[in-house]
Amino acid sequence: MLNPVHDPLFARRAWHGAGLAVLLALCVAATGFDPRLLADPATLASLAGFTAQFWPPALGGTLLAEVAGATVTTLACATLGLALAILIGAPAAYFGCRTLGEAALSDTRTPPVAAAAGALLRGTLVAMRAVPEVVWALLFVRAIGLGTLPAVLALGVAYGGMLGKVYAEILESQPPEFSRALGAAGAGRLVRLAYGVLPGALPELISYTVYRFECAIRASALMGLVGAGGLGLLLDNSLKMMNGAETATLLIAFLLLVAAADATSRLARRALATPRGTAALALTFTTAVLASLWQLDALWQGGVANLDALARFAAEFWPPDVSAPLWATLAEALWQTLAMSVLGTLLAVLVAVALALPAAGELGVLLQLAARALLALLRGIPDLVWAMLAVLALGLGPAAGVLALALHTSGVLGRLFAETLQNTPPECRQALAAAGAGRATAFAYGVLPQVLPQWLAYTLYRWENNIRSASVLGIVGAGGVGGALFFALSLFQMPTAATLIVAMVMLSWLAEMASARLRAQLG
Amino acid sequence: MMKARILLAGVFASAAFAVHADGVLRVTAIPDESPTELQRKFAPLGEYLSRELGMKVEFVPVTDYAAVVSALTADQVDLAWLGGFTFVQANTRGKVVPLVQREEDTRFTSRYIAGTQSKINKMADLKGKTFAFGSVSSTSGHLMPRYFLQKQGIKPETAFRQVGYSGAHDATVAWVASGKVDAGVLNASVWDKLNEAGKIDPAKVKVIGSTPPFYDYNWTVRASLQPALQKRIRTAFLALDPARPEHKAILELQRATRFVPTKAANYAGIESAAREAGLLK
Amino acid sequence: MSLTLAAASLTRGKRRLLDRISLTLAQGEQAALIGPSGAGKSSLISLAATLAAPSNGYVSLLGEDPWRLGARARRALRARIACVWQTPPLPARQRVIHAVAAGRLGQSGTLAALARLVLPRDGAAIEQTLARVELAHKLWVRSDTLSGGERQRVGVARALYQAGELVLADEPVSALDPYLAAQTVRVLCEDARARGASLLMSLHSVELALAHFPRIIALRDGRVAFDLPSAEVDAARLAALYEGEQTAAAPLASPPATLLPARC
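Residues numbered from 1 in each chain as written. Chains lettered and ligands numbered in written order. Predicted model: local features only at pLDDT ≥ 70, side-chain atom pairs only at ≥ 80, totals over all residues. Heavy atoms only, no water.

Peer 1: So what's going on with the overall build of chain A? Residues and values would help.
Peer 2: Along its length, chain A carries 21 helices and 0 strands. The C-alpha radius of gyration of chain A comes to 25 Å, within 12% of the 24 Å expected for a compact globule of 523 residues. If you line up chain A on its principal axes, its C-alpha atoms span 80 × 55 × 55 Å. By residue count, 54% of the 523 residues in chain A fall in the buried class. (Helix = DSSP H or I, 4+ residues; strand = E, 2+ residues; numbered from the N terminus. Rg over C-alpha atoms; globule rule 2.2 N^0.38 Å. Buried < 20%, exposed > 50% of the residue type's maximum accessible area, 1.4 Å probe, protein only.)

Structure follows, in structure tokens:
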């Protein structure tokens, strides 16, 4: 009676399953990631030796003063970086926004010159945001040398590209009628923006900027890992010297900073609800920018780049290195990067599912609190920092990168998965429970089919992100194309670096396209 | 106003901004050891130079070798302590003048070390192990050991299971001692210093080999620095006399018996080694 | 007795949904539950389905008090009670074969049930069950491609497949056209009769109730207005029962699908 029946989807699923298994095997081979390493007594001993120093955290007066100073520097860099990004992104959006153009007014074709200029602008913005912040920082450190200026410029350029795109999208999403009516009455572009589009778009623009500020703080804290000042610099030193107590202090400082950024962001969003709050927010930001300038001004005295040096530096990247030996290195590094991102993301999904169930309150309040705290810790520590710690556990190489991506991503996905679970209507599961189904089966038949598409979509988004992350983890010795880039830039081999950066951007672009296609198929 | 000033200055300002306040000598050093150690080493030397030159001396800490090269060739600092390789990089990228070097730097060596648990006893055992250099841009921590290894037919990327860069000499020791890597290489001077200070646990780390001697570190100024000042700096270094107790302390911190004049030609060997090792193109 | 309510009340917050209801349903008996919207029909069904415990009073199902049983025994009891819901609780992307097979989750082991998601079993029986609601051709189709009426009939098929000793149905045909509605009610009644199971069905349509059920239980304001053989239900009683009635549409639950592409 209970014979298996022919499932029309079986063949396809079997193929998918087999494909996934092969992919997994290839990724494991490429990264050398062996979970057994984590249980290896020698590994555990060296890890235990290091983490044993974590408690108590170093609380010496000079260190605390340094941490405080570095935190201020980090905040100042984030603030100025965002200010620069706004200075870049806002005009770019103003000129790049299609619905503000004369052509959109009368539904005529855009003149070719304007169209070409628009395409050039968009292309520049794409390039600006396609290169990870840390890589920008690395480039500016090489170009300018000292201090916090590279961090500010890196944030400004990378986030400028993002703001330019998102601002333009927000402006374009506004209903065009007001702007058209004003245009018909003879109003110029700026007037159309100010009276027709901005009133509707402003809350969303500010809200996105606030979100970016939160990201900027996290990114700014990492810039030091490539020598650009702030908390990351201290963390880099402590980790390199294997000073566990100092590392613990810095990690705590880092987590507190991230939590503070989170809280500030939430507060700012609430302030947006009222005009007074918005005004206060603008005032606060302006004050912060001025305070940051005052704070960093001293550091920049005499350490300021000149245009010549920057131009000479940029010129060195041309022409990119296309020699044969580089292709071999490149192919291996890119494949390793891809494998790290895939394996790291897949492992993260396993951990995320295991933690999302308790975090969504499936297994009681006590476990919920514990799971949430663990998820917050996992995602609070950036993958680059996880990579530095993972290198201790697994040694140098891509295996550490896999572990780092898996740890950070499981924190991010775990929270998203838990949110999806909590937003799932309970009826299906309740009905199954009423028919006598157990918890596991009611979950598998009543909840899983509802959350699975969303979980997969989140996973794919995160994988796109992880491709970018995987390509910078090499900077701290955790495999992938970043290591080769760091090597080339340290030796001033700019043509090689140019090729590597282009390859890096292409890889993440291809991943984005693949992910978009997969997501479309999910729908 | 201020915002506009700095942001413009940051991106667009011309050389006018790169000129420093008069009477301040900006000094930096490649971060071949931890920043705290660099500061400690430099403090008395800075005071001495300040006294001798009659100007304020400011130490600018940097965490990245290449950033020191950039800073010196972009005229952002006046005087820098460079390694042989970083000097070659600076010399090929801009105009710099080497002034003095420690007597020891004329016949510098590096030590290959291994963890005692790694079962590595001689250089031949290194194959298939994980190995740490110091900084990518380091002479004694990367370039010369790599050059000599390659001469022995050991190409690091293929011979070792994994190659890493610790970033600094003392960090390399910490990596080997913790088992993060099986073996590594660092400059002999730092090794001796750590040993004398009792910071090396012989139960964990041991020396398995040494490189032939080569030219290494020197003190270099940017070429645009006033020639008179260049000369006074050189004189001040050369005047350091091990017979005088107050000078002896400074020299000991620098791990130098005395300073001797140097010239760019001394580093031609390093340059050709760098080209041969594929680190300079 | 299949179902016994003794002065059972159900309150939610300050609202009293059911007010001291007493009734019994004998083994093999079939009864329809009617009444205006908000009378407490769904509440009564959920009480009988053990989705809610009575705030006061007593509920007995198949001779047992579900709320005095341990979790395991209560599960076993629930497996013997089949329910049909007005809004069929089918996950959007689940295929019909799994949606129907879910009716017997209480009767199989956990691992076997999970394995069936990968390797479906018992397809012939499920297909036959679907044929009884005229959906045999939808066996491998995803639930979200079905119309509202088809989904409701898949819900019926799940209950048929579960083959409970007590069958509860809460407006199981609200989305069907009159022909299919009558057909579906008939299938449920015949199935229960054939197996000797008891059936309690709430219906919006008085005509369907009178046509298919020997006993009518009428609710109003959370109380039993009358409980009579259908022959004794006359127009006057019905007019009194539905006085001031306004029809309310049942909301259809749809899962939210939001995506936050976050990049930091």
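Peer 1: Pulling in residues and values, what's your account of the sheet that holds strand S7 (residues 198-202) of chain C?
Peer 2: All names here are of chain C. Here 6 strands make up an open sheet; going across it, the order is S5-S6-S7-S3-S8-S9 and the pairing mixed. Across the chains shown, the open sheet's two edge strands, defined by having one partner strand only, are strand S5 (81-84) and strand S9 (223-229). Each neighbouring strand pair of the sheet contributes to a mean axis angle of 15°, computed without reference to strand direction. For strand S3 (residues 30-34) and strand S8 (residues 215-220), the ladder comprises 4 bridges, and the chain directions are parallel. The partner of Ala 31 across the bridge, within S8, is Arg 215. Across the sheet, helix H1 (residues 41-48) lies against S3, S5, strand S6 (166-170), S7 and S8, angled at about 150° from S6, the strand it touches most. Together, S3, S5, S6 and S7 form the strand contacts of helix H7 (residues 178-195), whose direction differs from that of S7 by roughly 160°. (Pairing = 2+ DSSP bridges. Axes fitted to C-alpha atoms, helices over the stretch in contact; angles between N-to-C directions. Contact = heavy atoms within 4.5 Å.)

Peer 1: With reference to specific residues and values, describe the interface of chain A and chain C.
Peer 2: In this complex, chain A contributes 49 residues to the contact, which on the side of chain C involves 45 residues. Taking both partners together, chain A and chain C bury about 3,900 Å²; carbon and sulfur atoms supply 61% of that area. Where chain A touches chain C, the interface holds 1 salt bridge. The partner of A:Asp7 in a salt bridge is C:Arg95, with the nearest N and O atoms 2.7 Å apart. The set of elements that each furnish at least two residues to the side of chain A that touches chain C consists of helix H1 (10-31), helix H9 (189-223), helix H18 (427-434) and helix H19 (439-470) of chain A. With 15 residues, the single largest contributor to the side of chain A that touches chain C is H19(A). Each residue belonging to the side of chain A that touches chain C can be placed in one class, and the counts come to 28 nonpolar, 12 polar and 9 charged. (Buried area = accessible area lost by both parts, 1.4 Å probe. Salt bridge = Lys/Arg side-chain N within 4 Å of Asp/Glu carboxyl O. Nonpolar A, V, L, I, M, F, W, Y, C, P; charged D, E, K, R; others polar.)

Peer 1: Give a description of the environment of B:Ser178 that names residues and reports values.
Peer 2: Residue and element names in this part refer to chain B. The topology assignment puts Ser 178 in helix H7 (residues 169-178). In the structure, Ser 178 is positioned 27 residues away from Val 205 in sequence and 9.3 Å away in space, judged by C-alpha atoms. Here the side chain of Ser 178 touches Lys 180 through a polar contact of 3.2 Å, landing on its backbone nitrogen. (Polar contact = N/O pair within 3.5 Å; in protein donor to acceptor, adjacent residues only side chain to side chain.)

Peer 1: Residue-level account of the packing of helix H14 (residues 324-359) of chain A against helix H17 (residues 398-422) of chain A, with values.
Peer 2: Residues and elements named next belong to chain A. In the contact formed by H14 and H17, the axes pass within 5 Å of each other and the chain directions differ by 40°. Overall, the two elements H14 and H17 adopt an arrangement that is oblique. As for how H14 packs across H17, the hand of that crossing is right-handed. Here the contact of H14 with H17 is built from residues that sort into 19 nonpolar, 8 polar and no charged. (Parallel < 35°, antiparallel > 145°, perpendicular 65-115°, else oblique. Left-handed = near helix turned anticlockwise from the far one by under 90°.)

Peer 1: Mind laying out the pattern of salt bridges, listing which residues take part and the relevant values?
Peer 2: Across all of its chains, the model carries 41 salt bridges over all chains by this definition. Of the charged contacts, one joins C:Arg104 and C:Asp122 as a salt bridge, the two residues approaching to 3.7 Å between their closest N and O atoms. Within this pair, whereas C:Arg104 is found in the loop between helix H3 (96-101) and helix H4 (110-118), its partner C:Asp122 is found in the loop between H4 and helix H5 (123-132), the two being separated by 18 residues in sequence. What makes C:Arg104 partly exposed here is its relative accessible area of 28%. Bridged by salt links that share partners, the residues B:Glu33, B:Glu37, B:Arg40, B:Lys41 and B:Lys193 form one connected network.

Peer 1: Summarise helix H5 (residues 139-151) of chain B; cite the residues concerned and give the values.
Peer 2: Residue and element names in this part refer to chain B. When the local axis directions of H5 are compared, the greatest deviation, roughly 25°, occurs at Pro 145. Where burial is concerned, most of H5 is hidden: 11 out of the 13 residues are buried. Taken residue by residue, H5 has Thr 139, Ser 140, Gly 141, His 142, Leu 143, Met 144, Pro 145, Arg 146, Tyr 147, Phe 148 and Leu 149 as its buried positions. Taking the backbone nitrogen of Gly 141 as reference, a side-chain oxygen 2.8 Å away marks Ser 138 as the first, capping residue of H5. After H5 finishes, the residue Gly 153 shows a positive phi value of roughly 85°. (Bend = angle between axes of the 7 residues up to and from the residue.)

Peer 1: Mind laying out the domain arrangement of chain A, listing which residues take part and the relevant values?
Peer 2: All names here are of chain A. For chain A, the domain assignment lists domain 1 (61-315) and domain 2 (323-522). In this complex, domain 1 contributes 20 residues to the contact, which on the side of domain 2 involves 21 residues. Counting the surface lost from both domain 1 and domain 2, the interface buries some 2,000 Å², and carbon and sulfur atoms represent 88% of this. The tally of links from domain 1 across to domain 2 stands at 0 salt bridges. Between domain 1 and domain 2 we count 2 residue pairs in polar contact (both at pLDDT 80 or more) in total. Those elements giving two or more residues to the side of domain 1 that touches domain 2 turn out to be helix H6 (133-144), helix H10 (231-240) and helix H11 (244-271). For the side of domain 1 that touches domain 2, the element with the highest residue contribution is H6, accounting for 5 residues. Taken together, the residues of the side of domain 1 that touches domain 2 sort by class into 18 nonpolar, no polar and 2 charged. (Domains from an automatic or database assignment.)

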